[in-house]
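Overview (structure and organization)
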Amino acid sequence: LLSFNLEITRNVSVWFLPGGLLFGCLMVAHGRQVAWVMAADFLARMIWSADLWAVPANMGWLTITTSISPIVYAIITQALKSGRIGAGFQSSAAVMALVIGMVLAPAIVAPLMCLTYAVAGFFQWGNLPSLIPSFLIGDLVGIGTLAPLIMAAGEGWPHRRPDLKSVVGTVILPAVAAL
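The model shown is predicted, which means the values in this text are computed figures rather than measured ones.

As enumerated under the stated definition, the model contains three aromatic pairs in all. Residues Phe23 and Tyr73 carry aromatic rings whose centres are separated by 5.9 Å and whose planes lie at 80° to one another, so their mutual orientation is edge-to-face. Linking Phe23 in helix α2 (residues 17-28) with Tyr73 in helix α5 (residues 59-82), this pair joins segments that are 50 residues apart in sequence. A single burial state applies to Phe23 and to Tyr73, both of which are buried. Cluster of aromatic residues (ring-pair linked, three or more members): Tyr117, Phe122 and Phe123.

Pasting the structure below:
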């Protein structure tokens, strides 16, 4: 809800928490769970833009734009996890790879989605120079704030429960204090 109140224009927010939710959930998801996370994100985006989906002519473009984030984020998070990034921050190289992935994902998604929206006629071509950075920043902030919380809380899930005290003390309180 907060993301929607901070929209610059339709579907572009300066703090897009769903991007962080998607990235974080994909980092802790295993096997078939990845497909379920992607499907849930797709469904949530459909509900959020229900008025646009009501027009049959929009359905093709909306399917493309709604699929971009889950697909790109899934590819990047799976690549990170194949390098054992999701198994904990055991080295500075692992942390650096995670940060690069967290920046790379929205850097790929922002221009792709904005261009697709412009081709579909949802955005004006002249607005792209300001919309792409805004979209990028919204996803960066959402991923940078929410994904680490989800990863810390979900590490080892479903095989072990997270230690709530350590999650609150080492992740949530510093994140809230930084805001």
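All right, on to the side chain of Thr116 then. Mapping Thr116 onto the fold places it in helix α6 (residues 92-120). Here Thr116 falls in the buried class, since its relative accessible area comes to 11%. Beyond its immediate chain neighbours, meaning those up to four positions away, Thr116 contacts Trp61, Ile64, Thr65 and Ile68.

Bringing the nonpolar core into the picture now. The biggest cluster of nonpolar side chains holds 29 residues, and the ones touching the most others in it are Phe23, Leu26, Tyr73, Leu98, Val109 and Phe123. By residue number, the principal contributor to this core is α6, which donates nine residues.

Here the chain averages 76 in pLDDT, and 73% of its residues register 70 or above. Ranking the elements of the chain by mean pLDDT puts helix α1 (residues 2-5) last with 47 and α6 first with 88. pLDDT under 50 marks residues 175-179. Its contacts with residues more than four places away, or in other chains, come to three contacts.

Cut-offs applied
Residues numbered from 1 in each chain as written. Predicted model: local features only at pLDDT ≥ 70, side-chain atom pairs only at ≥ 80, totals over all residues. Heavy atoms only, no water. Phe/Tyr/Trp six-rings, centres within 6.5 Å; stacked < 30°, edge-to-face > 60°. Helix = DSSP H or I, 4+ residues; strand = E, 2+ residues; numbered from the N terminus. Buried < 20%, exposed > 50% of the residue type's maximum accessible area, 1.4 Å probe, protein only. Contact = heavy atoms within 4.5 Å. Core = buried A, V, L, I, M, F, W, Y, C linked by side-chain atoms within 4.5 Å. pLDDT = per-residue confidence, 0-100.

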